Amino acid sequence: MTTADDAAVLALNATAEGLVEPLGPARLDWLRLIAAHAVVVEEDSRPVGFVLTFTPGSAYDGLEFEWFAATYADRFLLVERIVVAEERRRRGIGTAVYRAIERAAKPFDRVVARVRSDPPDPAGLGFHASRGYIEVGKQRLPTGATTALMAKDL
């Protein structure tokens, strides 16, 4: 992911707001700089998704990151957000991205993520469960939503 991808990434993120946190240009620039992985997924040279991950010790400031760090110390890779264009969902893109993330995360022992649980995100919860992720905690966000904290031991 480079600055040339900003418009596409911000547009993709906007289509998933409510499932992921809003994202502006300055926040995206900062996240990209501190991320372990900041990747745009393309099909036919067109951006159709993106993913951001973070490792322990990064400057990432998410509430879930603090919880995972307190729980797993330095033994996790966080999927902070993954967004796939709505018209490209359920075509294997998320599965392919997660496979790559899980391979990259082997030295950390587990991959972790948060998925909105109240109001529920049935697609996100089902996707993670089908990949072997289990709920290891819950977290109430300042917005009032509740998220399921998910982990998969590798």
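Basis of the calculations
- Residues numbered from 1 in each chain as written.
- Predicted model: local features only at pLDDT ≥ 70, side-chain atom pairs only at ≥ 80, totals over all residues.
- Heavy atoms only, no water.
- 1 Å grid on protein atoms, 1.4 Å probe; cavity = no way out; pocket = protein on both sides within 12 Å on 5 of 7 lines; lining within 4 Å.
- Points joined across faces, edges and corners; volume = space filled by probe spheres on them.
- Helix = DSSP H or I, 4+ residues; strand = E, 2+ residues; numbered from the N terminus.
- Nonpolar A, V, L, I, M, F, W, Y, C, P; charged D, E, K, R; others polar.
- Buried < 20%, exposed > 50% of the residue type's maximum accessible area, 1.4 Å probe, protein only.
- Polar contact = N/O pair within 3.5 Å; in protein donor to acceptor, adjacent residues only side chain to side chain.
- Contact = heavy atoms within 4.5 Å.
- Core = buried A, V, L, I, M, F, W, Y, C linked by side-chain atoms within 4.5 Å.

Explanation requested: the layout of surface pockets in the structure shown.
Over the atoms a probe the size of a water molecule is rolled, and this reveals where empty space is left. Of the voids in this model, the largest pocket is the one considered here, and its volume is about 980 Å³. Along its surface, the largest pocket is lined by 42 residues, and Leu-19, Val-20, Ile-82, Asp-121 and Gly-124 are the ones closest to its centre. Elements with a minimum of two residues in the lining of the largest pocket: helix H3 (63-72), strand E3 (77-84), helix H4 (93-104), strand E4 (110-118) and helix H5 (122-130). A total of six residues in the lining of the largest pocket trace back to one element, the largest contributor, which is E3. The residue inventory of the lining of the largest pocket, partitioned by class, reads 19 nonpolar, nine polar and 14 charged.

Sorry, what's going on with the side chain of Thr-146 here?
Mapped onto the elements of the fold, Thr-146 is located in strand E6 (residues 146-153). Accessibility expressed as a relative area gives 10% for Thr-146, which makes it buried. A polar contact of 3.1 Å, which involves the side chain of Thr-146, links it to the side chain of Arg-140. Not counting chain neighbours up to four residues away, the residues in contact with Thr-146 comprise Arg-116, Ser-117, Asp-118, Lys-138, Gln-139 and Arg-140.

Is there a simple way to think about the side chain of Glu-80 in this case?
Within the secondary structure layout, Glu-80 lies in strand E3. The buried category is assigned to Glu-80, whose relative accessible area is 7%. Engagement of the side chain of Glu-80 in a polar contact is seen with the side chain of Tyr-60, the distance being 2.9 Å. The residues touching Glu-80, leaving out its near neighbours within four places in the chain, are Leu-31, Leu-52, Thr-53, Phe-54, Tyr-60 and Glu-64.

In this structure, what is going on with the nonpolar core? I would like to understand it.
Soluble globular proteins: nonpolar side chains tend toward being buried together. Core analysis: the biggest nonpolar cluster contains 26 residues, and Met-1, Phe-50 and Leu-52 have the highest contact counts within it. Other than its neighbours up to four places away in sequence, Phe-50 contacts Met-1, Val-9, Leu-12, Asn-13, Val-39, Val-40, Val-41, Arg-81, Ile-82 and Val-83. By size, the runner-up hydrophobic cluster in this structure holds 17 residues, among which are Val-48, Val-51, Val-111 and Met-150.

All quantities given are derived from atomic positions and should not be read as evidence of function.
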